[in-house]
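Structure at a glance
As a plain string of letters, each chain reads:
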Amino acid sequence: MSKKTFGMIRCGGMGVNISCPRLAKALAMLGQYGTVSGVALERVLVAILQRGDPDGNIRRALATFPFQAIVKEVMEKYFVDGGVKKGRFKNAPSFTINPSGLLIALVVCANYSFVWLAKEGHDHPITINYLEKIAMPHPFAVLGAMLANVDFITMGAGMALLIPEMIVDILEGRPAHYEVLVLGSKSNSHTVLFDFESFFGAKLPTMKKPGFIPVVSSYVAANAFVRLSSRLPKGSISGFGVEENTAAGHNAPPRRPVFDAGGNMLPVYGEKDVIDYARIASLGLPFWIGGNYASPKKLAEALALGAQGVQVGSIFALCEESGMDQRMRRRLRALGFFGKLKTNQDMQVSPTGYPFMVAMLEGTVAETKVFENRERICDHGVLCTPYQKSDGTIGYRCPSGPIDHYVAQGGIREDTEGRKCLCNGLLTTAGMNNEGEPAIVTLGNVDFLRHLMTGPESSYTAENAVRWLLSEQNPTPP
Ligand SMILES: Cc1cc2nc3c(=O)[nH]c(=O)nc-3n(C[C@H](O)[C@H](O)[C@H](O)COP(=O)(O)O)c2cc1C
């Protein structure tokens, strides 16, 4: 890849395990920014181990982990030689503000091994992406990724203002701590603490300092990070992903919301949501623009706006190296090739309350009858919100879970309407769930497919996509 085109393309973090180590590594080796999705990795790890770790990748990565006692604990509990033959898979425990030693071990090992695999065999940078909304695992997940010498940490879905400080604490050997929102509590938050030296019973090996790339959708948010960073160690913010509201995954709600007669927010964005790129450029940090930017023309547009390049997702979610279930990818590509794949900015679906882009694919919970036939269970709890109970203890609830349970936990019944279980849906999309749980697919615009495919059954690699995206850049890639 020529120097000029190096790093123009950043793969967005795509959960759960869509931006998997194989995809991240392929992109890094093409001189672009490869990203590992850090969302719910402990759940992906236990799914792979119970499938017998067929290609041996996890075992190869974990053999290099510096604290083997915790690897032993994880393997004894979840590894099944040859894979589970029948019955359901065991889930990882759900998160709490005081996670068990086993859960901590799973999170650290998962983040370590996925970053390690993405970095194996080259020395190009690898990013891991988390969601600020899923904050309870942060100290454990970030530490695991840092032990594998991750190069950048990216954070979307919220203002992750505490991450840079936590990175410094870890590097200087102080326990990692993170403030997690606790609804109804006096202070509104609770500190999750990871005293890693006592957990591992030893000091950490030398690690490098990862850069930090928040994902924002306005100049105001980008500027808040820059202002904050003046109080932080120099270079704490490495740049920004800047997402327009057309991006796949979660999006920022409209700044001036419009509601229907029933009081539901509509996906209507206006002038207030237009991003001021000139002001973002004036902050002097590199940024990549995302949300329907997967074409040579849109890359040129982003560069003209002062960006370093584009942050793209959907184009890599459907390529050969993606972690998405193969059969589903094939169906999505074929529909997209014929221009028949519809996507919908759904304002209700996500338990986070953020708009979420949903692909209208048959057999998934996007279909009303599939959604209505699914029993509402909450057996992963990744998107549960901690709340303070009347007895002072902390409970966990999710509006996508069983409705009566949510209401009994002090939640508002109306908040459960149209909410779908993203934990189960996204694990199924990654091929990491029990039989019978329907999928949910998030995708943005897929017009790129007709440039990359020769027929409805054809496919393309990450390299095909990168070459096409860079095809109008001068000099073109070798
Ligand atoms: C399948 C899929 C899953 C995604 N999951 C996440 C996620 O977990 N966290 C996140 O910050 N962004 C997520 N995104 C958004 C991407 O990181 C990226 O910003 C976005 O896809 C860019 O828009 P594009 O799809 O039009 O290229 C996801 C996107 C896709 C396609």
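Description of the structure in this document. Note that the coordinates shown come from a computational prediction; the quantities given were computed from them, not determined experimentally. Throughout this document, residue positions are counted from 1 along each chain, in the order its sequence is written. Given that this is a predicted model, residues contribute local features only at a pLDDT of at least 70 and side-chain atom pairs are listed and counted only at 80 or more, while totals for whole chains, interfaces and linings are drawn from all residues.

**Considerations on the site of the ligand**
In the vicinity of the ligand there are 29 residues, among which Gly12, Gly15, Gly156, Gly249 and Gly313 approach most closely. Looking at the shell around the ligand, the elements with two or more residues in it are β3 (126-131), β11 (309-312) and α12 (314-317). Under the scheme applied here, ten amino acids are nonpolar (Ala, Val, Leu, Ile, Met, Phe, Trp, Tyr, Cys and Pro), four are charged (Asp, Glu, Lys and Arg), and all others, including Gly, are polar. In terms of residue class, the shell around the ligand is built from twelve nonpolar, 16 polar and one charged. Whether a residue is near a molecule or strand depends on its C-beta atom, placed from the backbone, lying within 6 Å of it. Working definition: helices are DSSP H or I runs of at least four residues, strands are E runs of at least two. Numbering for both runs from the N terminus.

**A closer look at helix α18 (residues 462-469)**
Three exposure classes are used. Buried residues have 20 or more other C-beta atoms within 10 Å of their own C-beta, exposed residues have 12 or fewer, and partly exposed residues fall in between, all C-beta atoms being placed from the backbone. Within α18, the full set of buried residues consists of Ala462, Ala465, Val466 and Leu469. Around the axis of α18, the buried residues are gathered within 95° of arc, so they sit on the same side. The contact criterion used here is simple: two residues whose C-beta atoms, placed from the backbone, lie within 7 Å are in contact. Those residues of α18 that are buried are in contact with β1 (9-11), α1 (21-29), α11 (296-304), α12 and α17 (449-452). The arc in question is formed by the directions pointing from the helix axis toward the C-beta atoms.

**Considering the sheet that holds strand β13 (residues 356-359)**
At least two DSSP bridges between two strands are required for those strands to pair. The strand order β9-β13-β12 describes an open sheet built from three strands, whose pairing is antiparallel. What marks the edges here is a single partner per strand, and that holds for β9 (249-250) and β12 (343-346). Bridge count between β9 and β13: two bridges; the pairing is antiparallel. In the sheet register, His250 faces β13, and the bridge partner there is Phe356.

**Re the environment of Leu283**
Mapped onto the elements, Leu283 comes out in the loop between α10 (277-282) and β10 (287-290). As a C-alpha pair, Leu283 and Ala222 span 61 residues in sequence and 8.3 Å in three-dimensional space. The residues touching Leu283, leaving out its near neighbours within four places in the chain, are Ala222, Asn223 and Val226.

**Some points on the sheet that holds β11**
If you trace the eight strands from one edge of the open sheet to the other, you get β1-β11-β10-β8-β7-β4-β3-β2, paired in parallel fashion. Single-partner strands in this sheet number two, and they are β1 and β2 (34-37). For this sheet, the mean angle separating the axes of adjacent strands, direction not counted, is 25°. Where β3 lies against strand β4 (residues 152-156), five bridges are found, and the strand directions are parallel. What sits directly across from Asn129, in β4, is Thr154. Every axis corresponds to a line fitted to the C-alpha atoms, with the helix fit spanning only the stretch in contact, and the corresponding angles, defined between N-to-C directions, vary from 0 to 180 degrees.

**A look at the pairing of strand β8 (residues 240-243)**
Going residue by residue along β8, you find Phe240 and Val242 tucked away on one face and Gly241 and Glu243 tucked away on the opposite face as well. Judged from the two bridges that link them, strand β7 (residues 211-216) and β8 form a sheet pairing that is parallel. Across the sheet, the residue bridging to Val216 is Val242, located in β8. Convention used here: a crossover is right-handed provided that the path from the first strand, over the helix, to the second strand proceeds clockwise when the strands point away from the viewer. Considered for its hand, the β-α-β crossover made up of β7, helix α9 (residues 219-229) and β8 is right-handed.

**Some remarks on the nonpolar core**
We define the nonpolar core as any set of buried residues of the types Ala, Val, Leu, Ile, Met, Phe, Trp, Tyr and Cys, connected via C-beta atoms lying within 7 Å of each other. Val44, Leu45, Cys109, Val115 and Leu143 are the most contacted members of the largest nonpolar core, which totals 140 residues. Residue contributions to this core peak at 13 residues, all from helix α5 (residues 101-119). Apart from residues no more than four positions distant in its own chain, Val115 is found in contact with Val36, Ile126, Ile128, Ala145, Ala148 and Val150.

Interpretation in functional terms is not warranted from these geometric data alone.
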